[in-house]
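The primary structure of each chain is shown beneath.
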Amino acid sequence: MKYLFLFTIGPVQSFIAQARKTKDLFAGSMILSELIGDALKETQSVFKEVGSAQFIFPAFDGTDTKEALPNRFLVEVDLREEVDLRTYGNRIEQFVRTSWAKMGDEALERNVKGRLSDDFHTRFNDQMNGHLEVYWIFQPIGDDGYAEAYKAVERNLGSVKNLRPFVQISQAGFPENHRKCSVSGTRDAVFFREKDKPAFAYEDAAKIEEKSGYELNIGEGLSAPVFTKRFFKEKAKFHSTAEIAVEPWKEKVKKCKEGSRLLESFSIQTGSSKDGQLYFIDNWSEAYLKKHELKSLAIAKEKTKEILKSLYGSFGKPAPYYALVSFDGDKMGEWLNGISKGVKEDQLMSYHQKLSALFSKFAGYAKEYVDQGRGKTVYAGGDDFLGFLHVNTLLETMEHLRVEFNSMVADPIKSDYGIGGKDRLSFSVGIIIAHYKMPLNSVVQQAKEVEKVAKKKGGRDAFAIRVIKHSGEINEMYAKWEFDPDSKSCKAIARMNYIIHSLKEKRFSNKYISSITQTFQEVFGREGYSFDKSNSELGEAKKWLPMELGRLVRRSKQVGTSESQIEEMVHCIQETFTQSKKVNADSFSIFNYIYGLHAMDFISRYV
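Residues numbered from 1 in each chain as written. Predicted model: local features only at pLDDT ≥ 70, side-chain atom pairs only at ≥ 80, totals over all residues. Heavy atoms only, no water.

Colleague: So what's going on with the nonpolar core? Which residues, and what values?
Modeller: By size, the foremost hydrophobic cluster in this structure holds 91 residues, and its most contacted members are Met-398, Leu-425, Ile-433, Phe-463 and Tyr-512. It is helix α12 (residues 348-371) that contributes the most residues to this core, 11 residues altogether. In this view, Met-398 contacts Val-325, Phe-327, Leu-389, Phe-427, Val-429, Ile-431 and Trp-481; residues no more than four positions away in its chain are not counted. Core analysis: the next-biggest nonpolar cluster, separate from the first, contains 83 residues, Phe-5, Phe-60, Trp-100 and Ala-454 among them. (Core = buried A, V, L, I, M, F, W, Y, C linked by side-chain atoms within 4.5 Å. Buried < 20%, exposed > 50% of the residue type's maximum accessible area, 1.4 Å probe, protein only. Helix = DSSP H or I, 4+ residues; strand = E, 2+ residues; numbered from the N terminus. Contact = heavy atoms within 4.5 Å.)

Colleague: Explain the sheet that holds strand β5 (residues 191-192) residue by residue, including any values.
Modeller: The mixed open sheet is built from 3 strands, whose spatial order is β6-β5-β7. At either end of the open sheet lies a strand with only one pairing partner, and these are β6 (206-207) and β7 (221-222). For β5 and β7, the ladder comprises 2 bridges, and the chain directions are antiparallel. The residue bridging Phe-192 from the neighbouring strand is Gly-221, located in β7. (Pairing = 2+ DSSP bridges.)

Colleague: Lay out the packing of helix α3 (residues 85-111) against helix α4 (residues 118-131) with the relevant residues and their values.
Modeller: Interhelical geometry of α3 versus α4 gives an angle of 140° and a closest axis separation of 10 Å. With respect to α4, the element α3 is oriented oblique. Where α3 crosses over α4, the handedness of that crossing is right-handed. Listed contacts from α4 to Arg-97, Trp-100, Gly-104, Asp-105 and Leu-108 of α3 are Phe-120, His-121, Phe-124, Met-128, Asn-129 and His-131. For the contact of α3 with α4, the residue count by class is 5 nonpolar, 4 polar and 2 charged. (Axes fitted to C-alpha atoms, helices over the stretch in contact; angles between N-to-C directions. Parallel < 35°, antiparallel > 145°, perpendicular 65-115°, else oblique. Left-handed = near helix turned anticlockwise from the far one by under 90°. Nonpolar A, V, L, I, M, F, W, Y, C, P; charged D, E, K, R; others polar.)

Colleague: Describe the packing of aromatic side chains, with residues and values.
Modeller: Taken as a whole, this structure holds 40 aromatic pairs when the rule is applied. Pairing Phe-5 with Phe-7 gives two aromatic rings, centres 6.0 Å apart and planes at 55°, and the pair type is tilted. In this structure, Phe-5 and Phe-7 share a single accessibility class: buried. Chaining the aromatic ring pairs together yields one cluster made of Tyr-3, Phe-5, Phe-7, Phe-47, Phe-73, Tyr-88, Trp-136 and Phe-138. Above the face of the Trp-335 ring, Lys-341 is positioned so that its terminal group lies 4.6 Å from the ring centre. The residue whose ring lies beneath Arg-374 is Tyr-369, and the NZ or CZ to ring-centre distance is 3.8 Å. (Phe/Tyr/Trp six-rings, centres within 6.5 Å; stacked < 30°, edge-to-face > 60°. Lys NZ or Arg CZ within 6 Å of the ring centre and 35° of its normal.)

Colleague: So what about unusual backbone geometry? Which residues, and what values?
Modeller: In the segment running from Gly-10 into Pro-11, the intervening peptide bond is cis, with an omega of -5°. Take Pro-11: it is sitting in the loop between β1 (2-10) and α1 (13-17). Note that the residue after Phe-57, namely Pro-58, is joined by a cis bond; omega there is -15°. Following the sequence through the fold, Pro-58 ends up in the loop between β2 (51-57) and β3 (72-79). Unusually for a residue other than glycine, Glu-482 sits at a positive phi of about 55°. Take Glu-482: it is sitting in the loop between β13 (474-480) and β14 (483-484). Residue class for Glu-482 comes out buried when judged on its relative accessible area of 18%. Unlike most non-glycine residues, Lys-488 shows phi in positive territory, near 50°. Position of Lys-488 among the secondary structure elements: in the loop between β14 and β15 (489-490).

Colleague: Lay out the environment of Gln-139 with the relevant residues and their values.
Modeller: Tracing the sequence through the fold places Gln-139 in strand β4 (residues 133-140). Its relative accessible area of 14% is what places Gln-139 among the buried residues. For the pair Gln-139 and Lys-151, spaced 12 residues apart in sequence, the C-alpha separation works out to 9.8 Å. The contacts of Gln-139, once residues within four sequence positions are left out, are Lys-2, Tyr-3, Leu-4, Ala-149, Ala-152, Val-153 and Asn-156. There is a polar contact of 2.8 Å between the side chain of Gln-139 and the side chain of Asn-156. (Polar contact = N/O pair within 3.5 Å; in protein donor to acceptor, adjacent residues only side chain to side chain.)

Colleague: Can you lay out the packing of helix α15 (residues 491-504) against helix α18 (residues 563-583) for me, pointing to particular residues and giving the numbers?
Modeller: Running from amino to carboxyl end, α15 crosses α18 at an angle of 130°, the nearest separation of the two axes being 9 Å. It follows from the interaxial angle that α15 and α18 lie oblique. In the crossing of α15 with α18, the sense of the turn from one axis to the other is left-handed. Two secondary-structure elements touch here, α15 through Arg-495, Tyr-498, Ile-499 and Ser-502 and α18 through Gln-565, Glu-568, Met-569, Cys-572, Ile-573, Glu-575, Thr-576 and Gln-579. Of the residues in the contact of α15 with α18, the class split is 5 nonpolar, 4 polar and 3 charged.

Okay, here's the thing in structure tokens:
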């Protein structure tokens, strides 16, 4: 007898996104991936006793993989005899819950010394047990075959999740007015790092000793699940947002012999501290050093500031901005259905396995490509990606991944399963460019929001960029990739790069962007930027706006700019306007075009 076994764990978004440090973000992703890895191995092991298990999603051969694993898996189970399926499902679920509890216990053992009360252990275990959500379901593969069973197992798991059973944490004997976790804001904080027990803390709350150093800030209080993330294994170390922002500048400095010498002097002065914020001279204040427990650096403060001034004088200041990128596949429900794309029912299972293998290969490639000096991957698995990128190589990195996605996933699945027409797998990406001091949980949340903007307003196979300046000003744009399979390039990115580098190299004054903005305001008014397709005013504007855009660009040219460079710039500006009208033709917004120009101007300062 054959069954489909669908298994999923959570929560995903809230567990990963609840992060004050990049380490929280990375560890949350690692923990979920490791738990699913444990579940996959246990599934393979337990069904060997009574038959076999064939993995469909994700591609899994029983060994550890370099790419992250998604939070769910689908297996075809072939049984030699009838068994109580609940027993096997419960065994796998219990195995995962035990792994999660063990992660908590190990973090506790490594970082908290001394005997903890029984009440503390009760609260700790209750929080750990109540955090993890596990759902699984078996679906018989009947005479209708795999395709019908697949539809049923997805539908039935949705019904099970809608019930959302939960574990009630007992508060018996524990007053409810306790301090909450600084990161999640929901569960009570049971860990602190302060000299004296903070107000509203549990009497027997665990105190994190100073030796744990920078892992827990003074004043922070953590619940058990967040503590487990923060102190999860040594390999979960991750660069801070400041370190990610400053990395391109350091690479540039290292290419010069004198720069390398100055950087070495800086490292000697800062000792063992890896705080990326110290590369920004404004942070060398008494208040900052005291807050971050770096008072020992105050002795050589003036000398270190002189080194930084020398570096700034030769190489400029480091960029204080980084990019957080989030993307996933478009219309994955339709692509997983397969039948609507022309895949035959008797091929659906092999189609799913092929698709899973292609996604896995691409995820591994994307992680390796980004981690080679272009940023740092948080998560790359299935069709999902979350990672930090350097602003100076942001656009070329994203274009490269979009092109490789087509070569590694979209084209092979089309050719192998005879999917005709223009239907092609694609992905949409949300990009946040933020200052390193901006709260990380807000950046993560907004990256997901902007990804939805790319899919909804951009119409999928698109990207959206939200620039959040330290001043609070926000510029947001969305556009289609305009991917060209013949030239293996994205026309929209090529135009943006030309505009950005023309501004960077001072071929044109950026005042033309202000002039364009002012022109639109004079013509349409400050509130008149949005049009629907029936608006006759827009119809008239379409006729003369491109010519006006060209005139303003030509007027902003700088001395030495060639005629061909002027014509290319005019083409890029006009074509970007034309394409922006096509992206959301039913409700075109000039805001999207204007903010796009301002975003390019901002990026040009950091390439």
